[in-house]
Amino acid sequence: ILDPFMGSGTTCVAAIQMGRQFIGIEREQSYFDIACRRIEQAQAQAQLFEPVAPKAEQTGLLEDAA
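Residue numbers restart at each chain and count upward from 1, following the sequence in its written direction. Given that this is a predicted model, residues contribute local features only at a pLDDT of at least 70 and side-chain atom pairs are listed and counted only at 80 or more, while totals for whole chains, interfaces and linings are drawn from all residues. Water and hydrogen atoms were dropped before computing side-chain values, which therefore reflect all heavy atoms in the structure.

Undergrad: I'd like to hear about the nonpolar core, residue by residue, with values.
TA: Side-chain atoms within 4.5 Å link the members of a nonpolar core, which is a set of buried Ala, Val, Leu, Ile, Met, Phe, Trp, Tyr and Cys residues. The buried label applies to any residue whose accessible area, calculated with a 1.4 Å probe on protein chains only, is under 20% of its type's maximum; exposed applies above 50%, and partly exposed to all values in between. Core analysis: the largest hydrophobic core is formed by seven residues, namely Met6, Cys12, Val13, Ile16, Ala35, Ile39 and Ala42. Elements represented by at least two residues in this core include exactly helix H1 (10-17) and helix H2 (29-44). Secondary structure is summarised from DSSP: a helix means a run of H or I of at least four residues, a strand means a run of E of at least two, and numbering begins at the N terminus for each.

Undergrad: How would you explain the environment of threonine 11 if you had to name every residue and give the values?
TA: With respect to the helices and strands, the residue threonine 11 is situated in helix H1. A residue is classified by how much of its surface remains accessible, and threonine 11, at 36% relative accessible area, is partly exposed. In this description, contact between two residues means that some pair of their heavy atoms is separated by no more than 4.5 Å. Aside from chain neighbours lying at most four places away, what touches threonine 11 is Ile1 and Asp3.

Undergrad: Hey, could you go over H2 for me, with residue numbers and the actual values?
TA: Look at H2: 23 Å from first C-alpha to last across 16 residues, which is about the 22 Å you get at 1.5 Å a residue. Every buried residue of H2 is accounted for by Ala35, Ile39 and Ala42. Projected onto a plane normal to the axis of H2, the buried residues spread over an arc of 60 degrees and lie on a single side. Pointing more than 90 degrees away from the buried face of H2 are the exposed residues Gln29, Glu40, Gln41 and Ala44. Here a helix's expected span is defined as the number of its residues, less one, multiplied by 1.5 Å. This arc corresponds to the set of directions leading from the helix axis out to the C-beta atoms.

Right, dumping it as structure tokens:
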């Protein structure tokens, strides 16, 4: 998950909870510091749920709508 405007890191924390990888970008040092603390806390917590890998699904462009 790419979050180009990371702010306080909410999307990154959600990615951790979902078992996903993330890249966060933030230009304001104060928000970056807050996000780093939140991410460290999220990584230290035990997972409540086992992440479920998404199933690959491919649909054709010209399938009948019937």
